[in-house]
Amino acid sequence: MASQEIAPVGSGGDKTSLLNDPRIRGYFFQILALAAIVGLGYWIVHNTIENLQRARLATGFGFLNGRSGFDISSHPFTAYSSDSTFAQALWVGVLNTMTVAVVGIVTATIIGFIVGIGRLSHNWLIRKLCTVYVEVFRNVPPLLVIFFWYLGVLSALPQARQSIDLPFGTYLNNRGFFLPSIVPSTGLTLAGIGLIAGIVGALLVRRWAHRRQLATGQTFPVGLTALGLIIGLPLLAFILKGFPTFDYPILGNFNLRGGTHVGPEFMSLYLALSFYTASFIAEIVRAGIRGVGKGQSEAAHALGLRAGPTTRLVVVPQAMRIIIPPLTSQYLNLTKNSSLAVAIGYPDLVAVGGTILNQTGRSIEVVAIFMIVYLSLSVLTSLFMNWFNAKMALVER
Amino acid sequence: MTDTNLSFVRQEMLQGQTPPLAERGVVKWMRTNLFATPVDAVLTIIAALALVYFVPPVFNWLFVEAAWVGADRSVCSTTAQGGIQPEGWSGACWAFVNANFNQFMYGHYPVDQRWRVNLVGVLFVLLLVPLLIPRVSHKVPNAIAFFFVFPIVAFFLLVGGRFGLSYVETASWGGLLVTLVISFVGISVSLPLGIALALGRRSKMPVIKLLCVIFIEMVRGIPLITVLFMASYMLPLFLPPGVTFDKFLRALIGVALFASAYMAEVVRGGLQAIPKGQYEGAESLGLGYWQKTGLIILPQALKLVIPGIVNTFIGLFKDTSLVSIISMFDLLGTVRQHFSDANWASPQTPLSGLIFAGFIFWIFCFGMSRYSIFMENRLDTGHKR
């Protein structure tokens, strides 16, 4: 090390004893730590094997092919019955976790951005309302918010017979939210294709307009064109092939028939996660916007940009750089908090896994599956957000 | 002609005039803060209408219509539901909270032993308050008493079984007591453990670094419930046969390990923010690793990340509510347990109980966040970059 190199000539390079050599010490401590961990691991494995043998518990993932024998209340994407295997049950759980996470992330982001910008508003009333929202939701446990929606609000709704009549043929009662379902038709398929074509077209127009602006300086109304394409093409499909028909829920004697319905468990989990996480996102957005120096918007004004383009072209892209990393961790938090579903019986991964754990006693396998799934969800989200972050990041020469 | 002097020279100064009505007082304030632009005006009107629509019913429910005292569910239910309230009545059932208040605070802790919990609470406040007020001196002995002596005293007082105190098993603990014990232990374990993990992650020794990274990233990647499941189902498997762990202790271990991974990342942020010159300066003075870290780096790094540390504390405090899922009764769990109490089951009970529990959680968390802002301003001595 450096201290040895500058040792006075003649006194010998190896004057420091081995005990004080930082490198030797480093090796010593690392070997010690490794030995401790390996020892601990061996001890744990040894104990576990002994305990499992004593309790006559089998190990391995073979049990996943067994018949589950329990029903799952919500499985919108896959067929499932109590005759399905444990593996299928877990897959339903994973899909449910991902559903609530994705929908929750979208809603939380929207609410969070609105509230975050509202907290910077010049309007006193809006500012105070947003502050109250943030301070209330940030300082209570998410589990309590879930119970608030589930036990406090949704189960206090009237029974099916006195369902609350909402616009667009939707109903709300203590069994959930009932809404019309779309009847599949050729027009609908065509409209779907039109929508995709519209989005692709809008992206192409944007690229072309950007290139043209760089080359000639002429701008092109990209926003309006995109809106026209995205709305116009599906509309055209409907006009050509007929508008879609809806299957409206009909109020029966005891329940609503027809349409689709979203259960109160999903609703309360979704609402709670969105509202709770939105309060954190709002703070991140506020910090991000305030983190962009005032000189930036002043310089933009000096260049002759108006308020709208200043926000869109100067402030937001820079604020996004500050916002994205903490936003990622909030998305991960929301995904992890979706495991609180187990408290109200929404069949997410943890709830299904918990049932399997109680039925089979395979605690190690089930917890291992939890860890694998959540770690991969985390890694996937991080990878996507890192890609997005790299796209938004400051490009220096 | 010569006599008429048309010029006018004012001899004295004019009195200062009040600004026009639109430029002063309430009107001015409203013009700048509520009706600055047409969009603003529309937003204000919408917000005000929403407030007028929502606030009076909520206020009515919370205070005016609420049933404050009563012996059982009849005060909180309408005649059709078997109570005394008129049809269509809806109000908070504070009588439920009132009647079960002691349960919500102590759980099933034996009634004649509850003075022990109160004593611990008083000691806690007496030691904590001077620690939090910057002007009070003797911080070091105070901190030692709070973090080392107090836990031991509190342990013997709460658990008992020695010194003539009867033994109270942790299974009968509950309510706010459990919430506070778990958070206190979690906080006082996770901070040193988190610092150690953060230092390990920045260590130059690859093995140590790898171990710390694996631990931190694994724990941060999974939900707390999974950790608690692990602590309650798998920990017994890991131990030699015959050795059993208290369920409470298992939850404590789970929560503390979970929080320490988050704490480690917060502390690492602080360590990274310290300029390299500080490390080099310390080394050039001949300080060893521990001296350098303890005297130069950590004091600055921790000061930088106080908001993050307090946020982790707040997160930990809120996360304690999750232990109710592995059938332990913290504040939220105890409140929820009482919803199914036949004596109090009414349509208004759950919401009232949840609002009460939420209020308690809110006070603690809000207090912590305000204190962190206060400390941040106080410690902001201009070094912030």
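Residues numbered from 1 in each chain as written. Chains lettered and ligands numbered in written order. Predicted model: local features only at pLDDT ≥ 70, side-chain atom pairs only at ≥ 80, totals over all residues. Heavy atoms only, no water.

Kindly report on the overall build of chain B, identifying the contributing residues and their values.
The helix and strand tally for chain B stands at 15 helices and zero strands. In terms of overall dimensions, chain B is more spread out than a globule: its C-alpha atoms have a radius of gyration of 30 Å, far above the 21 Å expected for 385 residues. Dimensions of chain B, computed from the C-alpha atoms along their principal axes, are close to 125 × 80 × 40 Å. Expressed as a percentage of the 385 residues in chain B, the buried residues total 42%. Counting contacts in chain B only where the partners sit at least 6 residues apart, residues at least 24 apart contribute 68% of the total. Surface exposure of chain B reaches about 20,800 Å², of which carbon and sulfur atoms provide 69%. Distance from the positive charge centre (27 side chains) to the negative charge centre (19 side chains) of chain B: 11 Å. (Helix = DSSP H or I, 4+ residues; strand = E, 2+ residues; numbered from the N terminus. Rg over C-alpha atoms; globule rule 2.2 N^0.38 Å. Buried < 20%, exposed > 50% of the residue type's maximum accessible area, 1.4 Å probe, protein only. Contact = heavy atoms within 4.5 Å. Areas by Shrake-Rupley, 256 points an atom, 1.4 Å probe, with all protein chains shown as cover. Lys, Arg positive; Asp, Glu negative; His and termini not counted. Charge placed at Lys NZ, Arg CZ, Asp CG, Glu CD.)

How would you explain the confidence of the model for chain A if you had to name every residue and give the values?
Residue and element names in this part refer to chain A. For chain A, per-residue confidence averages 81 on the pLDDT scale, and 92% of positions sit at 70 or higher. Per-element mean pLDDT across chain A ranges from 46 in helix α1 (residues 2-5) up to 91 in helix α4 (residues 124-138). Per-residue pLDDT stays below 50 along residues 1-13; that stretch engages in four contacts with residues further than four places along the chain or on separate chains. (pLDDT = per-residue confidence, 0-100.)

An account of the domain arrangement of chain A is requested, with residue identities and associated values reported.
Many analyses report the size of an interface as the accessible area lost when the parts associate. By domain assignment, chain A separates into domain 1 (2-52) and domain 2 (86-140 + 265-392). Each of domain 1 of chain A and domain 2 of chain A has a C-alpha centre, and these two points are 43 Å apart. (Domains from an automatic or database assignment.)

An account of the side chain of Arg114(B) is requested, with residue identities and associated values reported.
Residues and elements named next belong to chain B. Along the chain, the position of Arg-114 falls in helix α5 (residues 114-132). The buried category is assigned to Arg-114, whose relative accessible area is 10%. Contact partners of Arg-114, with chain neighbours within four places excluded, come to Asn-102, Gln-103, Tyr-106, Gly-107 and Tyr-109.

Quick rundown of the interface of chain B and chain A? Include the residues and the values.
Each partner contributes to the interface: chain B provides 53 residues, whereas chain A provides 52 residues. Buried area between chain B and chain A, summed over both chains or domains, comes out near 4,600 Å², and the portion from carbon and sulfur atoms is 75%. There are one salt bridge connecting chain B and chain A. Of the charged contacts in the structure, one is a salt bridge between Glu135(A) and Arg370(B), with a shortest N-O distance of 3.2 Å. Where chain B packs against chain A, one counts twelve residue pairs in polar contact (both at pLDDT 80 or more). Among the secondary structure elements, those contributing two or more residues to the side of chain B that touches chain A are α1 (25-33), α2 (38-64), α8 (206-221), α9 (224-238), α13 (306-319), α14 (331-337) and α15 (349-379) of chain B. Sorting elements by how many residues they give to the side of chain B that touches chain A places α15(B) first, with ten residues. (Buried area = accessible area lost by both parts, 1.4 Å probe. Salt bridge = Lys/Arg side-chain N within 4 Å of Asp/Glu carboxyl O. Polar contact = N/O pair within 3.5 Å; in protein donor to acceptor, adjacent residues only side chain to side chain.)

Would you mind going over the side chain of Glu365(A) in detail, with residue names and values included?
With respect to the helices and strands, Glu365(A) occurs in helix α12 (residues 363-392). Each residue touching Glu365(A), except ones within four places of it in the same chain, is listed here: Ala58(A), Thr59(A), Gly60(A), Phe61(A) and Phe63(A).

A description of the domain arrangement of chain B should follow, citing residues and the corresponding values.
Domain boundaries in chain B define domain 1 (21-64), domain 2 (100-108 + 173-340) and domain 3 (110-167). Its C-alpha centre places domain 1 of chain B at a distance of 44 Å from the equivalent point of domain 2 of chain B.

Give me the sheet that holds strand β8 (residues 260-262) of chain A: which residues, what numbers.
Two modes of strand pairing occur in sheets, parallel and antiparallel, and in both the strands are linked by backbone hydrogen bonds. All names here are of chain A. Taken in spatial order, the four strands make up an open sheet running β1-β2-β3-β8, and their pairing is antiparallel. In this open sheet, the two strands that pair with only one neighbour each are β1 (164-166) and β8. The average angle at which neighbouring strand axes cross in this sheet is 25 degrees, direction not considered. As paired strands, β1 and strand β2 (residues 170-173) are joined by three bridges and run antiparallel to one another. Within β2, the residue paired with Leu-166 across the bridge is Thr-170. (Pairing = 2+ DSSP bridges. Axes fitted to C-alpha atoms, helices over the stretch in contact; angles between N-to-C directions.)

Account for the pairing of strand β3 (residues 176-179) of chain A, with residues named and values stated.
Residue and element names in this part refer to chain A. Across three bridges, the pairing between β2 and β3 is antiparallel. Considered in β3, the bridge of Leu-172 is made with Phe-177. Counting the residues between successive antiparallel strands, the hairpin from β2 to β3 contains two residues. Two elements, β3 and β8, share three bridges in a ladder whose sense is antiparallel. What sits directly across from Phe-178, in β8, is His-261.

How would you summarise the packing of aromatic side chains if you had to cite specific residues and measurements?
All names here are of chain B. Enumeration according to the criterion identifies 37 aromatic pairs over all chains in this entry. When the centroid spacing of 5.6 Å and the interplanar angle of 40 degrees are considered together, the rings of Phe-124 and Phe-146 count as tilted. With Phe-124 in helix α5 and Phe-146 in helix α6 (residues 139-159), the pair connects residues that are 22 residues apart, well separated along the chain. Classification of Phe-124 by relative accessible area gives partly exposed; the value is 26%. Since its relative accessible area comes to 4%, Phe-146 is described here as buried. (Phe/Tyr/Trp six-rings, centres within 6.5 Å; stacked < 30°, edge-to-face > 60°.)

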